[in-house]
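Summary of structural features
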Amino acid sequence: MTSTKTLPKACSKCRDTKYTLSNREGKMQAKLCPCFECVECDGEGRVFRQDDRGMAFLSDCGHCSALRQRLRLLNDSGIPGKFANTTLEIYQPIGLPNKKALSRARDFLGDVKEAPQEPHRGLLFVGGPGLGKTHLVISILKQLILEEGVDGKFVDFFQLLSDIRHGYSQDESEMSLIEPYLKSRVLVIDELAKGRNNEWEQTILDQFISARYNAADKITLFTTNYGDQSTVPSEPKGRTTTLQKQSLEEKVGERIFSRLTQMCDFIKMEGDDYRKKMKPPPKPTRRKK
Ligand SMILES: [Zn+2]
Ligand SMILES: [Zn+2]
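Report on the accompanying structure. The model shown is predicted, which means the values in this text are computed figures rather than measured ones. (Residues numbered from 1 in each chain as written. Chains lettered and ligands numbered in written order. Predicted model: local features only at pLDDT ≥ 70, side-chain atom pairs only at ≥ 80, totals over all residues.)

Re the overall build of the chain
Applied cut-off: Each helix is a run of DSSP H or I of at least 4 residues and each strand a run of E of at least 2, with the numbering of both proceeding from the N terminus. Partly exposed residues are those falling between the two cut-offs: more than 12 but fewer than 20 other C-beta atoms within 10 Å of their own, whereas 20 or more means buried and 12 or fewer means exposed, with C-beta atoms placed from the backbone. Contact definition: two residues whose C-beta atoms, as placed from backbone geometry, lie within 7 Å.
Regarding its fold elements, the chain presents nine helices and nine strands. For the chain, with 289 residues in total, the buried portion stands at 25%. In the chain, of all internal contacts separated by at least 6 residues, the share reaching a separation of at least 24 is 70%.

If you want it as C-alpha cells, here you go:
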C-alpha cells in the first residue's frame, strides 16, 4: 500500500524502526521517530469512523495504533533507561558458557515469538557480576514488547521492597504495588536473592514466585549472582572470590528454590567482570587539542 516511489534512504535516527529509545532521567523513553508518518490518521493516532447508523465516532487508527501501544508498554515496563540501546546483537560473549547463554537467549526468544500464546519455561541466568546476565534478559524483554506487543515488566526487587515499606506508612496496600508485576505476561526479576533476605523480604519474594508459578501462562526470567553448589566458579588466578559463598538455595530457601527449578532452565555464565576489564587506565589526563 505504501508507495516506494520516493523512498528516501534509511532514517539515521531510528534506522527505519520508526521509533527511538532513550534514557530520560533514568527511565526508558520510547517515542515515535519524527520520520514516522501515518497516512491514515495524519499522526493523530485516531481516526473518525462511521457506525451502522452513519454516526461518526473516534477510534484508534488501525495503521499505527499497534506500534503506539508497544511503545506505551515499553515505557510502562520499568526497564531502566540505561538499557535503551541494549540488544542481543550487541552482546559480545567471552568464553564458551557465555556464548551458550547468548544462544539460549536467542532460542528462547525464537520459541516465544513462534508461539506467543503458549506456555513457556522461563530462564534463570546464574553467574558472577559483569557477565551480561541483565543485558540478556532485558534484550529478550524489549524484543518481546516491541516486536510482539507482549505485556512485559522489569522489577527492581530492591526498589520495590523499599516502595512497599514506604507504602505501609501511606496506607497503600502491598498488593497494589505488587500486582502489576504478578499479572504481566513476561516478568524479569533481576538480581534474585540480593540483599539480606530477612523473613519479610522472603515473604514478598514468595508471593512473587508462587503467583508466577501457579499461572501457566506467565513467563519469568531471572538473573542471580548465586549459583548452586556445583557452579562455584574456579578461583580466578591468585585471587579469592567473595562471591558464591552461599548457594541460591541457601539464600532463597528450599521452597522457593524448588519452584524455580520447576519453572525455569538454569543457565550458567562464567568469566571475569567485563565492566572491570573495560575500565580505562587510571584517570586519563586532559589532553589539549
Ligand atoms: Zn526515523
Ligand atoms: Zn495512524
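Here's the deal with the packing of helix α6 (residues 199–214) against helix α8 (residues 254–263)
Short version of the rule: In this description, a line fitted to the C-alpha atoms serves as the axis of each element, helices being fitted only across the stretch in contact, and the angle between N-to-C directions of two axes falls anywhere from 0 to 180 degrees. Every angle not falling under 35 degrees, over 145, or within 65 to 115 is termed oblique; those three ranges are roughly parallel, roughly antiparallel and roughly perpendicular. In a left-handed crossing the near helix is turned counterclockwise from the far helix by less than a right angle, and in a right-handed crossing that turn is clockwise. Polar here means any residue outside two lists: the nonpolar Ala, Val, Leu, Ile, Met, Phe, Trp, Tyr, Cys and Pro, and the charged Asp, Glu, Lys and Arg; Gly therefore counts as polar.
Across the interface, α6 lies against α8 with an axial gap of 10 Å and an inter-helix angle of 30 degrees. Classified by the angle their axes make, α6 and α8 are roughly parallel. Every pair of crossing elements has a handedness; the one defined by α6 and α8 is left-handed. Here L205, D206, I209, R212 and Y213 of α6 lie close against α8, whose contacting residues are I256, R259, L260 and M263. Looking at side-chain class alone, the contact of α6 with α8 contains six nonpolar, no polar and three charged residues.

Some remarks on the environment of Q246
Here Q246 shows up in the loop between β8 (219–224) and α7 (248–252). Sequence-wise, Q246 and N225 are 21 residues apart; in three dimensions their C-alpha atoms are separated by 9.9 Å.

As for the environment of K183
When you line up the elements, K183 lands in helix α5 (residues 174–183). For K183, a count of 13 C-beta atoms within 10 Å puts it in the partly exposed group. Taking the C-alpha atoms as reference, K183 lies 10.0 Å from D217; in sequence the two are 34 residues apart.

Topic: the nonpolar core
Test applied: Core membership is restricted to buried Ala, Val, Leu, Ile, Met, Phe, Trp, Tyr and Cys residues, and these are joined into a nonpolar core through C-beta atoms within 7 Å. Where each domain begins and ends is defined by an automated method or by a domain database.
If you look at the biggest cluster of nonpolar residues, it comprises 49 residues, and the most contacted ones within it are F125, V137, I140, L141 and V188. Looking at this core, you find at least three residues from each of domain 1 (13–35 + 56–84) and domain 2 (86–276). Once residues lying within four places of it in the same chain are set aside, the contact partners of V188 are V137, I138, L141, F154, V155 and L221.

Considerations on the pairing of strand β5 (residues 122–126)
Quick reminder of the rule: Here a strand pair is declared whenever DSSP counts at least two bridges between the two strands.
For β5, the tally of buried residues reaches five of five residues, placing the bulk of the element in the interior. Side chains of β5 alternate between two faces, with G122, L124 and V126 and L123 and F125 buried alike. By the bridge criterion, five bridges tie β5 to strand β9 (residues 264–268) in an arrangement that is parallel. In the sheet register, F125 faces β9, and the bridge partner there is I267. Two elements, β5 and β8, share four bridges in a ladder whose sense is parallel. Directly across from V126, in β8, lies its bridge partner T224.

Describing the sheet that holds β5
Overall, parallel pairing links the five strands, which are arranged β6-β7-β8-β5-β9 in an open sheet. The open sheet has two edge strands with one neighbour each: β6 (152–155) and β9. Direction aside, neighbouring strands of the sheet carry axes that sit 15 degrees apart on average. In this sheet, strand β7 (residues 186–189) lies alongside β6 in parallel orientation, the contact comprising four bridges. Residue pairing for β7: V155 is matched across the bridge by I189.

Some thoughts on unusual backbone geometry
In this structure, K18 is a non-glycine residue whose phi angle is positive, near 75 degrees. Secondary-structure assignment places K18 in the segment before β1 (19–24). On the basis of neighbour count, K18 is assigned to the partly exposed category, with 18 C-beta atoms found within 10 Å. Its identity as a non-glycine residue notwithstanding, E191 has a phi of 55 degrees, on the positive side. Relative to the elements of secondary structure, E191 occurs in the loop between β7 and α6.

What about helix α2 (residues 96–114)?
Cut-off, in case you're wondering: Expected helix span is computed as 1.5 Å times (number of residues minus one). An arc is given here, and it is the one of the directions from the helix axis to the C-beta atoms.
With 19 residues, α2 extends 27 Å from end C-alpha to end C-alpha; this agrees with the ideal 27 Å at 1.5 Å per step. The set of residues buried in α2 consists of N98, A101, L102, A105, F108 and V112. Each buried residue of α2 lies within a common arc of 125 degrees when the element is viewed along its axis, so the set occupies one face. For α2, exposure combined with an orientation more than 90 degrees from the buried face picks out L96, S103, D107, G110 and E114. Taken together, the buried residues of α2 touch β5, α3 (133–148), β8 and β9.

Overview of the environment of E249
Along the chain, E249 falls in helix α7. Between the C-alpha atoms of E249 and D228, which are 21 residues apart in sequence, the distance is 6.8 Å. Not counting the four nearest positions on each side in its chain, E249 is found in contact with D228, E254 and F257.

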